[in-house]
Amino acid sequence: LISNQQIQVIQSSTKDKIDVSGYAEVSEKADVAEIYLGVETQNLIASTSQKENANIMQKVYKEIYSYAKKEDVETYSFDLSPAIDWKDGQEKIIGYKTTHILKIKSGVNDAGKIVDNAANAGANKINSIVFTLTDARKESVGAEALKKAISDARKKALIIAEQMGVALKKPVYITAGYSYVTPYYAAYKEMASASTQISAGSVKVTASISVSYGFE
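The following refers to the structure shown. (Residues numbered from 1 in each chain as written. Predicted model: local features only at pLDDT ≥ 70, side-chain atom pairs only at ≥ 80, totals over all residues. Heavy atoms only, no water.)

1. A few points about the overall build of the chain
What counts is decided by this rule: Each helix corresponds to a stretch of at least 4 residues labelled H or I by DSSP, and each strand to a stretch of at least 2 residues labelled E; elements are numbered beginning at the N terminus. Remark: exposure states derive from per-residue accessible area (1.4 Å probe, protein chains only) relative to the maximum for the residue type, with buried under 20%, exposed over 50%, and partly exposed in between. Contact between two residues is taken to exist if any of their heavy atoms lie within 4.5 Å; hydrogens are not considered. Surface exposure here means Shrake-Rupley accessible area, sampled with a 1.4 Å probe, where a residue is shielded only by the protein chains that are shown.
Helix and strand content of the chain: 3 helices and 9 strands. Reading the chain from its N terminus to its C terminus gives the helix and strand order β-β-β-α-β-β-α-β-α-β-β-β. Relative to its full complement of 216 residues, the chain shows a buried share of 36%. Within the chain, counting contacts between residues at least 6 apart in sequence, those at least 24 apart form 84% of the total. When the accessible surface of the chain is totalled, it reaches about 12900 Å², and 48% of it is carbon and sulfur.

As structure tokens, this is what we get:
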């Protein structure tokens, strides 16, 4: 998952300029887990499929709320559609499938417990777990990466100016941004009976900047 932020500053245009780019990368331990899981049911009757799904989801909710706040649990997707069987090139409706997927935000240490308890309560769709940072840490780490990218660009500009025998002036054009590259836990193909061990890994934040310096 990548989220971008862009900054652009233009002071003036000039032909006498040195164009450089800077890059930086900062790794930070993830402290937030976003879990995507839910229940899928199938029945010959659509309303029965939906009702069965709702009954199981109530049990799943109860287990999830043991580790996550209610405001951190929301429906990510809900779908009720025909279950199709293809035979001899023709489709046949063999029932109705209800799929209800939740997005759960929790601390990293609780992610495995939430997955295990939800599975024991009847959750049979464990899609993925995405690791990220709190908003405050995103801002802090992003600013750190951007500062390092700016420093990298200026060092390059100074080297070029020294080799050219000119003096570096203020930037006349700046464009910058940074991206969060979020690690994620692989999707679960089958429900394991053993306790789920989850390692969060680190969130890599990269920053890049393009600067045009004037010179004399």
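Still more to cover.
2. Regarding a nonpolar patch on the surface
Heads up, the condition is: Patch building starts from residues that exceed 30% relative accessible area and form no salt bridge, then joins like charges within 9 Å and nonpolar side chains (Val, Leu, Ile, Met, Phe, Trp, Tyr) within 5 Å. Salt bridges are identified by distance alone: a Lys or Arg side-chain nitrogen within 4 Å of an Asp or Glu carboxyl oxygen.
Together, I84, W86 and I93 give the surface a local cluster of nonpolar side chains, amounting to about 330 Å² of exposed area. Summarising the element assignment, I84 is placed in strand β4 (residues 73-87).

3. Quick word on the packing of helix α1 (residues 46-64) against helix α2 (residues 111-120)
Our working rule: The axes used here are C-alpha line fits, helices contributing only the stretch in contact, and every angle between their N-to-C directions lies in the interval 0 to 180 degrees. Any angle from 65 to 115 degrees is called roughly perpendicular, while one under 35 is roughly parallel, one over 145 is roughly antiparallel, and all others are oblique. Handedness of a helix crossing follows the sense of rotation of the near helix relative to the far helix, less than a right angle counterclockwise being left-handed and clockwise being right-handed. Throughout, the ten residues Ala, Val, Leu, Ile, Met, Phe, Trp, Tyr, Cys and Pro are labelled nonpolar, Asp, Glu, Lys and Arg are labelled charged, and all others, Gly among them, are labelled polar.
Contact geometry of α1 with α2 gives a least axis separation of 8 Å together with a crossing angle of 155°. Compared by their axis directions, α1 and α2 come out roughly antiparallel. Between α1 and α2 the crossing geometry is right-handed. Here V60, E63 and I64 of α1 come into contact with α2, specifically with I114, N117 and A118. When grouped by side-chain class, the residues that make up the contact of α1 with α2 number 4 nonpolar, 1 polar and 1 charged.

4. Some words on the packing of aromatic side chains
For clarity, the cut-off: To pair, rings of Phe, Tyr and Trp, with the six-membered ring standing in for Trp, must have centres within 6.5 Å; the planes then decide the type, stacked if under 30 degrees apart, edge-to-face if over 60, and tilted in the middle. Charge over a ring is defined by NZ of Lys or CZ of Arg lying within 6 Å of the ring centre and within 35 degrees of the ring normal.
Applying the stated criterion across every chain yields a total of 2 aromatic pairs. Between Y36 and Y76, the ring centres sit 4.8 Å apart and the planes meet at 75°, which makes this aromatic pair edge-to-face. Taken together, the residues Y36 in strand β3 (residues 32-43) and Y76 in strand β4 connect sequence positions 40 residues apart. Cation over ring: K70 sits above Y65, and NZ or CZ is 5.4 Å from the ring centre.

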